[in-house]
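# Survey of secondary and tertiary structure
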Amino acid sequence: MKNVVVTGAAKGIGRAIAIRLAKDRFRVLVNYNRSIDAAQKTVEEIKKNGGVAESYRANVASYPEVKKMIDDFCGKYGEIHGLVLNAGIYIRKNIKEMSLEDWKNTIEVNLNGAMYPVKAALNCMKKGSIVFISSQLSFKGSRSSAAYSASKAGVLGLMRALSLQLAPEIRVNAVAPGTIDTDIIANYTPEMRRERERQIPLGRIGKPEDIADVVSFLLSEDSRYITGATIDVNGGLYIH
Ligand code: NAD
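Residues numbered from 1 in each chain as written. Predicted model: local features only at pLDDT ≥ 70, side-chain atom pairs only at ≥ 80, totals over all residues. Heavy atoms only, no water.

Going through the model one piece at a time under the given rule, you end up with one disulfide. Put simply, Cys74 and Cys124 are joined by a disulfide, and their sulfur atoms are 1.9 Å apart. Judged by the torsion about the S-S bond (95°), the Cys74/Cys124 disulfide is right-handed. A residue pair is termed long-range when its members are at least 10 positions apart, and Cys74 in helix α3 (residues 63-77) and Cys124 in the loop between α4 (100-121) and β5 (128-133) qualify at 50 residues. (Disulfide = S-S within 2.5 Å. Helix = DSSP H or I, 4+ residues; strand = E, 2+ residues; numbered from the N terminus.)

What follows is the structure in structure tokens.
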């Protein structure tokens with residue numbers, strides 16, 4: 001059985017990715033930081049469908065915690081075949097409102113927290129696939145968070161460098177979601193949702209499963225000749 005780590009997998013996009021990869025017959029490490037109940041529910045859902053998963057608490061912004069999580073998983077089950085760097089935060093404040101603490105937290109979770117699991121897993125990954133979850137806001141900027149845009153653009157730089165450094169054994173790619181229906185857009189009013197739907201050529205806000213299916217592809221043999229790529233999954237909201 002192949003082993004995969006999904007960060008921030010208790011809810012939202014990470015949860016859908018964990019569930020999908022378990023269906024693809026991966027043993028899934030469901031990482032979470034604070035959402036212990038949600039993480040447990042994700043694991044139960046996977047087991048109910050005959051999959052194999054366990055949850056593990058680690059703050060992705062802490063290298064010692066990430067290293068322990070990876071070492072424990074590797075020690076228990078051997079080689080890791082996949083990493084999905086999904087954990088992320090989005091603090092909606094423009095540059096005038098944002099504190100330096102907001103900036104630091106965003107970079108620490110979204111950028112450092114995407115790199116730490118890779119660094120920690122190198123001795124345990126011989127061959128496999130790494131997928132970063134970036135954002136369309138890495139390309140087009142964000143009115144509400146410079147830190148988020150910068151961190152998600154940083155993730156793409158990291159992905160491109162690693163795709164060269166880890167080839168040919170390990171493929172490294174990114175998915176750039178558009179607007180996806182999770183807690184991150186929980187503050188949208190019905191009018192904001194309708195307006196966003198009008199802007200999306202495919203006519204609807206995305207579902208977490210829309211991202212999970214593409215991550216599944218990037219972890220599968222079907223994507224064997226793809227590395228260093230960013231796949232937009234945004235319903236056509238941003239075409240470039
Ligand atoms: P979400 O808030 O539901 O999920 C984020 C997950 O990351 C949560 O489970 C959270 O607990 C976890 N997390 C946060 N900080 C953590 C930490 N320090 N350590 C471990 N886990 C931590 O939001 P989501 O929409 O599912 O977001 C998933 C990813 O997709 C994020 O990287 C986000 O930036 C990205 N994304 C989301 C959208 C969208 O519209 N929803 C669009 C583009 C990109």
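Back to the write-up after that little detour.
A word on the pairing of strand β3 (residues 52-57). Residues in a regular strand point their side chains to alternate faces of the sheet. For strand β2 (residues 26-32) and β3, the ladder comprises six bridges, and the chain directions are parallel. From the neighbouring strand, Val30 faces β3, where its bridge partner is Ser55. (Pairing = 2+ DSSP bridges.)

Here we come to the sheet that holds β5. In space, the seven strands of this open sheet follow the order β3-β2-β1-β4-β5-β6-β7, with parallel pairing throughout. One side of each edge strand has no neighbouring strand; the edge strands of this open sheet are β3 and β7 (230-233). For this sheet, the mean inter-axis angle between neighbouring strands, taken without regard to orientation, is 20°. Pairing geometry for strand β1 (residues 2-6) and strand β4 (residues 82-85), over three bridges, is parallel. From the neighbouring strand, Val4 faces β4, where its bridge partner is Gly82. Those strands touched by helix α8 (residues 208-219) are β1, β2, β4, β5, β6 (170-177) and β7, and its axis lies near 165° from that of β6. (Axes fitted to C-alpha atoms, helices over the stretch in contact; angles between N-to-C directions. Contact = heavy atoms within 4.5 Å.)

The next point concerns the environment of Asn59. Mapped onto the fold, Asn59 is located in the loop between β3 and α3. Residues Asn59 and Arg20, 39 residues apart in the sequence, show an inter-C-alpha distance of 23 Å. Excluding anything up to four places from it in sequence, Asn59 contacts Asn33, Glu65 and Val66. Separated by 2.9 Å, the side chain of Asn59 and the backbone nitrogen of Ala61 make a polar contact. (Polar contact = N/O pair within 3.5 Å; in protein donor to acceptor, adjacent residues only side chain to side chain.)

Attention now goes to unusual backbone geometry. Omega for the bond connecting Ala167 with Pro168 falls within 30 degrees of zero, at 0°, which places this linkage in the cis form. Here Pro168 lies in the loop between α6 (146-165) and β6. Unlike most non-glycine residues, Arg25 shows phi in positive territory, near 75°.

Before going further, it helps to examine α8. Taking 1.5 Å as the rise per residue, α8 with 12 residues should run 16 Å; its terminal C-alpha atoms sit 17 Å apart, in good agreement. Inspection of α8 places Pro208, Ile211, Ala212, Val214, Val215, Ser216, Leu218 and Leu219 among the buried residues, and these make up the whole buried set. (Expected span 1.5 Å × (residues − 1). Buried < 20%, exposed > 50% of the residue type's maximum accessible area, 1.4 Å probe, protein only.)

Running from N to C, α3 and α4 cross one another at 45°; their axes reach a closest spacing of 9 Å. Judged by the angle between their axes, α3 and α4 are oblique. Judged by the twist between their axes, the crossing of α3 over α4 is right-handed. Taken together, the residues of α4 that come into contact with α3 (itself represented by Tyr63, Val66, Lys67, Ile70 and Asp71) are Tyr116, Pro117, Lys119, Ala120 and Ala121. Per-class residue counts for the contact of α3 with α4 are seven nonpolar, no polar and three charged. (Parallel < 35°, antiparallel > 145°, perpendicular 65-115°, else oblique. Left-handed = near helix turned anticlockwise from the far one by under 90°. Nonpolar A, V, L, I, M, F, W, Y, C, P; charged D, E, K, R; others polar.)

Let's shift gears to the pattern of salt bridges. In total, this model carries 14 salt bridges according to the counting rule given. The partner of Arg57 in a salt bridge is Glu65, with the nearest N and O atoms 2.9 Å apart. Among the residues examined, Arg57 registers a relative accessible area of 39% and is labelled partly exposed. The class for Glu65 is partly exposed, based on a relative accessible area of 28%. For Arg194, the salt bridge is made with Glu191, and the minimal N-O distance between the two is 3.3 Å. Taken together, the residues Arg194 and Glu191, both in helix α7 (residues 190-199) and three residues apart, mark about one turn of the helix. One connected set of salt bridges, linked through shared partners, spans Glu191, Arg194, Glu195 and Arg198. (Salt bridge = Lys/Arg side-chain N within 4 Å of Asp/Glu carboxyl O.)

Turning to the packing of aromatic side chains, a few remarks are in order. Two descriptors summarise a pair of aromatic rings, namely the distance from one centre to the other and the angle between the planes of the rings. The full count for this structure, using the stated rule, is four aromatic pairs. Their ring planes at 70° and their centres at 5.3 Å tell us that Tyr63 and Tyr116 sit as a pair that is edge-to-face. Of this pair, Tyr63 sits in helix α3 while Tyr116 sits in helix α4, placing them 53 residues apart in sequence. A relative accessible area of 27% places Tyr63 in the partly exposed class. Across the ring face of Tyr90, the terminal group of Arg92 is positioned such that the distance to the ring centre comes to 4.4 Å. (Phe/Tyr/Trp six-rings, centres within 6.5 Å; stacked < 30°, edge-to-face > 60°. Lys NZ or Arg CZ within 6 Å of the ring centre and 35° of its normal.)

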